[in-house]
Structures are given as C-alpha cells and as structure tokens.
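# Summary of structural features
Here is how the chains run, residue by residue.
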Amino acid sequence: MLLDHKGEERWSARDLQQLMGYERWDRFNGVIQQAQQTITASGLDPLDHFRRAARLMLGGRWGKQSVADYRLTRFGAYHVTLAGDGRKPEVAAAKTYFAVRTREAEASQQSTADVSTPEGVLVLAERYLEAARDLVATKEKLAIAAPKAGKWDAFCDSDGLIDMGCAAKALTNVTGGLGRTKFMELLRREDIRFLQVQNRRLPYENHIKAGRTEVKLVQAGYQWVEQTFFTPKGLDWLVNKLGAGVSPAT
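These remarks concern the structure in this document. (Residues numbered from 1 in each chain as written. Predicted model: local features only at pLDDT ≥ 70, side-chain atom pairs only at ≥ 80, totals over all residues. Heavy atoms only, no water.)

Turning to helix α8 (residues 180-189), a few remarks are in order. Within α8, the full set of buried residues consists of F183, M184, L186 and L187. Each buried residue of α8 lies within a common arc of 150° when the element is viewed along its axis, so the set occupies one face. Exposed positions of α8 whose direction lies more than 90 degrees from the buried face are T181, K182 and R189. (Buried < 20%, exposed > 50% of the residue type's maximum accessible area, 1.4 Å probe, protein only. Helix = DSSP H or I, 4+ residues; strand = E, 2+ residues; numbered from the N terminus. Arc of directions from axis to C-beta.)

To continue, consider the pattern of salt bridges. With the rule as written, the count across this model stands at six salt bridges. In this structure, R24 engages D26 in a salt bridge whose closest nitrogen and oxygen atoms are separated by 2.8 Å. Owing to a relative accessible area of 24%, R24 belongs among the partly exposed residues under this scheme. Residue classification places D26 among the partly exposed residues on the basis of a relative accessible area of 46%. (Salt bridge = Lys/Arg side-chain N within 4 Å of Asp/Glu carboxyl O.)

As a further point, take the packing of helix α2 (residues 25-41) against helix α3 (residues 74-83). Across the interface, α2 lies against α3 with an axial gap of 8 Å and an inter-helix angle of 115°. By the angle between their axes, α2 is roughly perpendicular relative to α3. By crossing handedness, the relation of α2 to α3 is classed as right-handed. Seen from α2, the contacting residues are F28, V31, I32, Q34, A35, T38 and I39; seen from α3, they are F75, G76, H79, V80 and A83. Of the residues that constitute the contact of α2 with α3, the class distribution is eight nonpolar, four polar and no charged. (Axes fitted to C-alpha atoms, helices over the stretch in contact; angles between N-to-C directions. Parallel < 35°, antiparallel > 145°, perpendicular 65-115°, else oblique. Left-handed = near helix turned anticlockwise from the far one by under 90°. Contact = heavy atoms within 4.5 Å. Nonpolar A, V, L, I, M, F, W, Y, C, P; charged D, E, K, R; others polar.)

Okay, the nonpolar core next. By size, the foremost hydrophobic cluster in this structure holds 20 residues, and its most contacted members are L16, M20, F28, I32, F50, L72 and V80. Elements with a contribution of two residues or more to this core: α1 (13-19), α2, β4 (64-72), α3 and α4 (89-108). Among the elements that take part in this core, α2 stands out by supplying six residues, more than any other. For F28, the contacting residues outside a window of four places in its chain are A13, L16, Q17, M20, Y22 and V80. In terms of nonpolar packing, the next biggest core, distinct from the first, is built from 19 residues, W152, M184, L187 and L238 among them. (Core = buried A, V, L, I, M, F, W, Y, C linked by side-chain atoms within 4.5 Å.)

A full pass over the atoms with the stated rule returns seven aromatic pairs. When the ring of W11 is compared with that of Y97, the centres are 5.9 Å apart and the planes differ by 75°; the resulting orientation is edge-to-face. Here Y97 lies in helix α4 and W11 lies in strand β2 (residues 9-12), a separation of 86 residues in the sequence. Taking 6.4 Å as the distance between ring centres and 25° as the angle between the ring planes, the aromatic pair formed by Y78 and F98 counts as stacked. With Y78 in helix α3 and F98 in helix α4, the pair connects residues that are 20 residues apart, well separated along the chain. A connected cluster of aromatic rings, assembled from ring pairs, spans W11, Y78, Y97 and F98. The aromatic ring of Y22 is capped on one face by K88, whose charged end is 4.8 Å from the ring centroid. (Phe/Tyr/Trp six-rings, centres within 6.5 Å; stacked < 30°, edge-to-face > 60°. Lys NZ or Arg CZ within 6 Å of the ring centre and 35° of its normal.)

Quick look at the structure:
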C-alpha cells in the first residue's frame, strides 16, 4: 500500500501482480480488465479507481525500462482480488485482507462510542461483535468459493501450467520419472501427435485451440525461446491417450 500526495491509500497493480502469484503481466492485466468491467456493471466509473501509470523496472537495453502500471484505490484493488484465480492461495489471502480492511474502514467511520458510560461500552462491544461476525462470514464464504484442489495442482506452476519435465514426474508410474527429452520420445513411440515435426518446441494448433496446451516464452541462457506447457485439461487428455489406470504420482 502506498500513500498519494493527499495521504490516501493507493496500490500498484505491478505490486499486486507479484503478491497475488501472477508471473506474467498479460495474464494479470486480464484480471484487471475483468475487475473494471465488474465496476462498470455496478454503475460506477472505473477511472475513479484505476489510474494508468508508468513504472521503471529492471530490464531492457539500458538496464531499466518503463512499463505500464495502474494506481488503484482500495476499492479497485479489492475488485482485482475478487477477479483473481481462486486456486492461488495468494489470491485467497488477498481477498481476506481487503475484506478485513474494508470492514475496518467502515467501522472507523462510525461515531465514537462514549466508553465512560455503560451504554457507550455496550455500543462498542456490539460493534466489535458485528465486526467479528463479518470476518467469520467472509472467511466461510471464501472457503466455500475456493475450488477444490485438482489432481495435478502439485505439478502446476503459478500460472496453472505444467512443463514437460513436471508432466513426466506427474506420470511416474508410466514414465518411470523420465526427463523431458525421454518423455517426448515416449510420446512419439506411442504415436501421440503432440509437438510439431518441424518445430519440436511447439504443439499442433488443435491442442492450443482445445485448451490442452499453452505456449510461453522462457529464458534459455541469454535468449528467450517458446516452450510448450500442458494445462491440467491437457494432462487429462494425455492420460486418456496413454491408457486407463494412469494416475498422478504421490
């Protein structure tokens, strides 16, 4: 949390991206757009809560580069957490945090109870009780809303994707824990058409369209290269191809 020139709370979207467990800005920017759409649908102006900004970060030709950012109000930041991927524990923690902070702000705006009188003490006690009930209710709602752990979650990265090496480990009872290269050789022996013949780093387009794979840029030495990742849906597809009885390694 930052304070602007008026002393009001502001949040950097780039900071929230890291705190909420998102590695890629393009994915997190999609979460921001969804939050803005929700605010618009409620009849409010998202520009009141999302201000475009620029930020200097390490990287680029000269060691630093200017990247896009947003300055968010607490209300805007809270809606960003609500639009986040509930499978991420960081997102669940952020939702709880902003729910509590919002309740605290509401309570602080109420008139101060006169604790020198029994009536004032009773009013204060009732406010604390109400706040405690709200906090318990919020945590219960988050627990209900959180998706149950998927069978491949232990092998997913922060984007919910599974690289080839982890896929081989996930299917140890079939692959014997093979590395990426031998794992791909196994798929070719089984005649599973997955990666392109002309480019062994990229999947066929039908797998991307079906949501079975995604392609990300990863750093390899001094350069960035395209690499294919399974989605949990894609690993389910592969299990079906390899045959019944395949299950995640434990």
